[in-house]
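Analysis of the macromolecular model
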Amino acid sequence: MSLSKTDIKILQQLQQDARITNQHLADEIGLSASPTWRKVRKLEEDEVIQGYRAVLNRKKIGLNVMVFVRVSIDSHSEAEARKFEQEVMSLDNVVSCYSIGGDADFLLQVVAADMDAYADFAMSVIRRLPGIKEMQSMFVLKEIKGLAAWPLEVQSNIGN
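Residue numbers restart at each chain and count upward from 1, following the sequence in its written direction. Residues qualify for local features only when their pLDDT is at least 70, as the model is predicted, and side-chain atom pairs are given and counted only at 80 or more; totals for whole chains, interfaces and linings, by contrast, use all residues. The basis for every side-chain value is the complete set of heavy atoms in the structure, and neither hydrogens nor water enter the calculation.

With that settled, consider the packing of helix H1 (residues 5-16) against helix H2 (residues 22-29). Two numbers describe how H1 lies on H2: the axes approach to 10 Å, and their chain directions differ by 130°. Judged by the inter-axis angle, H1 sits oblique to H2. Regarding H1 and H2, the two cross each other, and that crossing is right-handed. Across the interface between the two elements, Thr6, Lys9, Ile10, Gln13 and Leu14 of H1 pack against Leu25, Glu28 and Ile29 of H2. Simply put, an axis is a line fit to the C-alpha atoms, just over the touching stretch for a helix, and the angle between two N-to-C directions goes from 0 to 180 degrees. The helix count covers DSSP runs of H or I at least four residues long, the strand count covers runs of E at least two residues long, and both are numbered beginning at the N terminus. We call two directions roughly parallel when the angle between them is under 35 degrees, roughly antiparallel when it is over 145, roughly perpendicular when it lies between 65 and 115, and oblique otherwise. We call a crossing left-handed when the near helix sits turned anticlockwise from the far one by less than a right angle, and right-handed when that turn is clockwise. In what follows, residue pairs with any heavy atoms lying within 4.5 Å of each other are defined as contacts.

Quick look at the structure:
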């Protein structure tokens, strides 16, 4: 899908403030309200915009520990990988999961209240996931830059 420069402006504004009014958004991007509203709706229909949410400070809600967990599974069959993926999808502590290349198969981002809670989760839940061969925990000491917005300037298929 090709995004226009106007689409990019809209997406940048919405990533900064998803609660912006349509009129304010229109003013920011230099269009009137109706075409702006139609463009936003089109981006939603095309699933470029997948939803709106509040960004929370994880520490202020009691999630003081963040861990990246590299996981290798026993079998690389599609069925085994799917079974692992389905199990991970149901785990609230796992906030993101990626299938990766290299010396591991998956990378999980896990949050917990404290180290004891993470240890319990790792030993009683992650280690019990289907097909786990090996896992390695990498603890975040300091969050330098978390995901705030996708860098739209780097995408190469911008139209006019």
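The structure having been displayed, the exposition proceeds.
Another aspect to go through is the packing of H1 against helix H3 (residues 33-45). Axis separation between H1 and H3 bottoms out at 11 Å; the angle between their running directions is 80°. When the axes of H1 and H3 are compared, the pair comes out roughly perpendicular. Residues Thr6, Asp7, Ile10, Leu11 and Leu14 of H1 form the contact with H3, whose own contacting residues are Lys39, Val40 and Leu43. Side-chain classes are defined by residue name, with Ala, Val, Leu, Ile, Met, Phe, Trp, Tyr, Cys and Pro counting as nonpolar, Asp, Glu, Lys and Arg as charged, and the others, Gly among them, as polar. Here the residues of the contact of H1 with H3 sort into five nonpolar, one polar and two charged.

On to the nonpolar core, then. Nonpolar side chains tend to gather and get buried jointly when the protein is soluble and globular. Among buried residues, those of type Ala, Val, Leu, Ile, Met, Phe, Trp, Tyr and Cys that are joined through side-chain atoms within 4.5 Å constitute a nonpolar core. The cut-offs for exposure are 20% and 50% of the maximum accessible area for each residue type, with area from a 1.4 Å probe on protein chains only; residues under the lower value are buried, those over the upper are exposed, and the others partly exposed. Counting residues in each nonpolar core, the largest one holds 21 residues, and the members touching the most others are Val69, Val71, Phe84, Val110, Tyr118 and Ile126. Residue assignment for this core shows that the elements contributing at least two residues are strand E1 (65-73), helix H4 (78-89), strand E3 (106-112), helix H5 (115-124) and strand E4 (132-139). Other than its neighbours up to four places away in sequence, Val110 contacts Val65, Met66, Val67, Val69, Asn93, Val94, Tyr118, Phe121 and Ile126. Listed in part, the 12 residues of the second largest apolar core include Leu3, Ile20, Leu43 and Ile49.

UniProt positions are given in the numbering used here, feature names are shortened, and annotations may be inferred rather than shown by experiment. Following the UniProt record, one finds the feature "domain: HTH asnC-type" (unreviewed entry) at residues 3-64. As a span, residues 3-64 carries 53% helix and 0% strand, and end to end its C-alpha atoms are 38 Å apart.

All right, on to the environment of Tyr118 then. When you line up the elements, Tyr118 lands in helix H5. Given a relative accessible area of 4%, Tyr118 falls into the buried group. Not counting residues within four places of it along the chain, the set of residues in contact with Tyr118 comprises Val65, Val67, Val69, Val110, Ala112, Ile126, Met135, Ser137 and Phe139. Nitrogen and oxygen atoms within 3.5 Å of one another constitute a polar contact, given that in protein one can donate a hydrogen and the other can accept it, and given that sequence-neighbouring residues count only through two side-chain atoms. Within the local environment of Tyr118, its side chain forms a polar contact with the side chain of Ser137, the two groups lying 2.5 Å apart.

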